[in-house]
Amino acid sequence: MKIGIIGAMDIEVEELISSMDDIKKENISRIDFYEGRLQDKNVVVAKCGVGKVHAAVCTQTMILKYAPDAIINTGVAGSLNSELNIADIVISDGVVQHDFDVSPFGKPVGLISGIDLIKIPCSEELINKLVRAAEILEDTNIAVGTVASGDQFICSKEKKDYIVNNFNALCTEMEGASIGHVCYINDVNFCIVRAMSDKADGTANMDFDSFVKIAVEKSILLINNFLKQI
Ligand code: SAH
């Protein structure tokens, strides 16, 4: 069993990488892939960079070069739900691309051409294992639901409402649905784990800077506990 772990930013994966043993590092398309052992499990960890294209390149490369049995995307996101506060956790049951729009052709907003899905489902088994691993987190709301991704940092009520109204998503970020899309077309199980760094509203940029660190700590605890338990 080999688990692929992808984060968008250094801060989201650097602690995982520094805890790994037997590391082999390889750079492909400007992305460093770290293969080795973490919590005594086989892993490959990478920082993909921000946004859907970086995430897709990283995921496809990881699948072709390292053949992980499952891929988990870990990191931070903007909360779209009033019950999810800073540092609460969302585990995806599926992912949507809120900026995919061929509605002028009569298709529903978010329908992904070619695969004809709006929401790409996650592996039930992974969801259940991640929910169990999340029990280690104290004073934290854990929610399972839709994660919405797009190439935009969501920082206004208007854009936030658009995503909630069209996709009923719990949080928004910039990579998860791209990772899910690539996993789906390669038949690789995946799930997204995100800790809330902000509320995707008018102050999201300032909240992000203040809270990204404490949010990341939660997601890292969860991922380490997941690896311990599998
Ligand atoms: N500081 C970086 C940009 C970070 S973008 C730069 O200067 O380039 C925010 C990152 O955190 C993305 O990887 C995204 O997945 C996640 N994220 C957190 N809050 C978000 C929000 N409100 N909207 C979109 N992405 C968000």
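Worth saying up front: this structure is predicted, and the values here are computed from it rather than measured.

Caption draft 1: Summary view of the packing of aromatic side chains. Overall, the coordinates contain two aromatic pairs when judged by the stated rule. For the pair Phe153 and Phe208, a centre-to-centre distance of 5.8 Å together with 85 degrees between the ring planes defines the contact as edge-to-face. Of this pair, Phe153 sits in the loop between β8 (142–149) and α4 (157–167) while Phe208 sits in helix α6 (residues 204–229); the two residues are 55 residues apart in sequence, bridging distant segments of the chain.

Caption draft 2: Representation of the site of the ligand. The immediate surroundings of the ligand are formed by 18 residues, with Ile154, Glu173, Met174, Glu175 and Asp198 found nearest. Ile154 is positioned such that a nitrogen or oxygen atom in its backbone is 2.8 Å from a nitrogen atom of the ligand. One of the backbone nitrogen or oxygen atoms of Met174 is found 2.9 Å away from an oxygen atom of the ligand. In the complex, the protein chains occlude 74% of the 570 Å² of accessible area that the ligand would expose alone.

Caption draft 3: Examining the side chain of Glu35 more closely. Position of Glu35 relative to the elements: it lies in strand β3 (residues 31–38). One polar contact links Glu35 to Lys2, side chain to side chain, over a distance of 3.0 Å. Excluding residues within four positions of it along the chain, Glu35 makes contact with Lys2, Met20, Asp22, Ile23, Lys24, Val43, Val44 and Tyr66.

Caption draft 4: Molecular detail of α4. Those residues of α4 that sit buried are Lys160, Ile163 and Phe167. Projection of α4 onto a plane perpendicular to its axis shows the buried side chains occupying an angular sector of 70 degrees, all on one side. Of the residues in α4, the exposed ones pointing more than 90 degrees away from the buried face are Lys157, Glu158 and Asn165. Against the buried residues of α4 lie β5 (70–79), β6 (89–97), β8 and β9 (171–173). Phi turns positive, to about 50 degrees, at Asn168, one or two residues after α4.

Caption draft 5: Seen up close, the pairing of β3. Within β3, six of the eight residues are buried, leaving the element largely enclosed by the surrounding structure. Sheet analysis places strand β2 (residues 21–28) next to β3, joined by six bridges and oriented antiparallel. Counterpart to Lys25 in the pairing with β3 is Tyr34. If you look at the hairpin formed by β2 and β3, you'll find two residues sitting between the two strands, and Ser29 has a positive phi there, around 50 degrees.

Caption draft 6: Region of the structure containing the pattern of salt bridges. A complete count under the given rule lists 12 salt bridges for this structure. Note that Asp10 is salt-bridged to Lys47, the shortest N-O span being 3.8 Å. One end of the pair, Asp10, is in helix α1 (residues 10–18); the other, Lys47, is in strand β4 (residues 41–47), and 37 residues separate them in sequence. Since its relative accessible area comes to 43%, Asp10 is described here as partly exposed. Among the ionic pairs, Arg37 bridges to Asp40, the shortest N-O distance being 3.7 Å. Given the relative accessible area of 26%, Arg37 is considered partly exposed. One network of salt bridges, with partners in common, ties together Lys2, Lys24 and Glu35.

Caption draft 7: Quick peek at the environment of Glu12. Examined against the element boundaries, Glu12 turns out to sit in helix α1. Sequence separation of Glu12 and Glu217 is 205 residues, and the distance between their C-alpha atoms is 8.5 Å. Non-local contacts of Glu12, meaning those with residues more than four positions away in its chain, are made with Gly7, Thr74, Gly75, Val76, Arg194, Val216 and Ile220. Separated by 2.8 Å, the side chain of Glu12 and the backbone nitrogen of Ala8 make a polar contact.

Caption draft 8: How the structure looks around the pairing of strand β10 (residues 189–198). In terms of burial, β10 is a largely internal element, nine of the 10 residues being buried. Bridging between β5 and β10 involves nine bridges; their strand directions are parallel. Bridging from a neighbouring strand, Asn73 pairs with Ile192 of β10. When β6 meets β10, the two strands line up antiparallel, connected through three bridges.

What counts as what
- Residues numbered from 1 in each chain as written.
- Predicted model: local features only at pLDDT ≥ 70, side-chain atom pairs only at ≥ 80, totals over all residues.
- Heavy atoms only, no water.
- Phe/Tyr/Trp six-rings, centres within 6.5 Å; stacked < 30°, edge-to-face > 60°.
- Helix = DSSP H or I, 4+ residues; strand = E, 2+ residues; numbered from the N terminus.
- Near = heavy atom within 4 Å.
- Polar contact = N/O pair within 3.5 Å; in protein donor to acceptor, adjacent residues only side chain to side chain.
- Areas by Shrake-Rupley, 256 points an atom, 1.4 Å probe, with all protein chains shown as cover.
- Contact = heavy atoms within 4.5 Å.
- Buried < 20%, exposed > 50% of the residue type's maximum accessible area, 1.4 Å probe, protein only.
- Arc of directions from axis to C-beta.
- Pairing = 2+ DSSP bridges.
- Salt bridge = Lys/Arg side-chain N within 4 Å of Asp/Glu carboxyl O.

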